[in-house]
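As a plain string of letters, each chain reads:
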Amino acid sequence: MPLKTLTPLRGLIAVTLFTAAQLSPSNLAAESSSWFKRADPPASKQNQSAPKNKNAVRTARREGSTDKLSKSTPGNNAAYQAFDQGKYLTALKLAEEAAATGDPAAHTLIGRIYGEGFGVPIDLAVATKWYTRAAELGDLNAMFALGIIAAEGRGVEKDRDAAAQLFEQAARKGHPEANYNLGLLFLHGEGKPENPHRAAQHIQYAAEQGLAAAQYDLSALYQKGVGVDADAYEASRWISLAAEQGMPAAQYDYAVMLLQGKGLKKHVHKALGYLREAAEKGVAGAQNRLAHIYLEGVGVAKDPIEMAKWRTIAKAGGIKDEALDKRIAGMPEDQRLTGLQLAAQWQDKRLVNPLGP
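All of these numbers come straight from a predicted model, not from anything done at the bench.

Some words on the pattern of salt bridges
Here comes step 1: This structure, assessed with the given rule, holds 13 salt bridges.
Here comes step 2: Measuring nitrogen to oxygen at the nearest pair gives 3.8 Å for the salt bridge that ties Glu116 to Arg154. Taken as a pair, Glu116 in helix α4 (residues 104–116) and Arg154 in the loop between α6 (140–152) and α7 (160–172) lie far apart in primary sequence, 38 residues in all. The pair Glu116 / Arg154 is uniform in exposure class, with both members buried.
Here comes step 3: A salt bridge links Glu190 to Arg160; its shortest N-O distance comes to 2.3 Å. Residue Glu190 is found in the loop between α8 (176–188) and α9 (196–208), and its partner Arg160 is found in helix α7; the two are separated by 30 residues along the sequence. Of the two residues examined, Glu190 and Arg160, each falls in the buried class.
Here comes step 4: Through salt bridges with shared partners, one network takes in Arg112, Glu116, Glu152 and Arg154.

Structure representation (structure tokens):
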């Protein structure tokens, strides 16, 4: 759910998702998006069967959670294992048993199940009740979840001041996502006085803990000199870390840096690898730039068919490029049709598996 009041540095500065990865003791991959967008639950969750415009939504994830679960009862461990396996009703039953013993993390898991509707109807009031009790028992993920609820206004009146307090409570105890979100509030003066230096400190902490979204945005801070001294090398270093974690927006921007040699040595081969990954993940800007790569033969053999393919895909994604469109219009009919056919096949594949390469 993008926040229209934000003025991001890079075109999109994001807040992390509250995902199963942050709740679970196992190291699951997870993804985050622009301001307070929630994770979409799996399509099948009803029974025991088995993440550059300023309003753009982008995702980024880190693995697991640095927050230690409370000394877990066997029921708590089993609840998380069942949740990870998609056995949500079993997870709920086991978590309720563990919660009865006073386990904070079990309370948080129950809040997650009701808050996102895993195997049960979404009930924000019930979720908030469980999160609140978990937070009272000291669970950092619950504090973070309540902060998200307050910031989004999910079932309650939107309250950035309350969100800031909750994020700060968890941030003081080292919760990376809470530090990141708190940094964004300081950055934009929402719930906290505008303070770029404090913002950079919290975002950098989260980046150092491996949160890709924070690494990406810290790069933007170094690039623009906001809250830190402008430093092209640091900007490229941090965005490279986010790109290595597979964040599409970071892969695209880092590829451009590598192609242009901004803050680091020009490296066409490495740039092409990241550019292809971002293009395959649906980044329209990367797709259009890849079309130019094949047109000009930069690090690859010139290939008008591949150019036509990627330009067609990028155009469908909203990228305007009259020069490339004229090139395609002037191509031999067989090449043009082949390029269009390859684009259609790629788009069909994405419809079947939108999260896949």
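Right, picking up where we left off after that structure.
Remarks on the confidence of the model for the chain
Here comes step 1: Averaged over all residues, the pLDDT of the chain is 81; the fraction at 70 or higher stands at 77%.
Here comes step 2: Ranking the helices and strands of the chain by mean pLDDT puts α9 first, with 98, and helix α1 (residues 20–23) last, with 28.
Here comes step 3: Considering only residues more than four positions removed or in separate chains, one finds that residues 1–74, a stretch of pLDDT under 50, has 218 contacts.

Let's talk about the nonpolar core
Here comes step 1: Counting 61 residues, the largest nonpolar core has Ile113 and Tyr180 as the members making the most contacts within it.
Here comes step 2: If you tally residues by element for this core, the top one is α6, at ten residues.
Here comes step 3: Ignoring any residue separated from it by four or fewer positions in sequence, one finds Ile113 in contact with Phe83, Tyr88, Ala91, Leu92, Phe118 and Val120.

Conventions adopted
- Residues numbered from 1 in each chain as written.
- Predicted model: local features only at pLDDT ≥ 70, side-chain atom pairs only at ≥ 80, totals over all residues.
- Heavy atoms only, no water.
- Salt bridge = Lys/Arg side-chain N within 4 Å of Asp/Glu carboxyl O.
- Helix = DSSP H or I, 4+ residues; strand = E, 2+ residues; numbered from the N terminus.
- Buried < 20%, exposed > 50% of the residue type's maximum accessible area, 1.4 Å probe, protein only.
- pLDDT = per-residue confidence, 0-100.
- Contact = heavy atoms within 4.5 Å.
- Core = buried A, V, L, I, M, F, W, Y, C linked by side-chain atoms within 4.5 Å.

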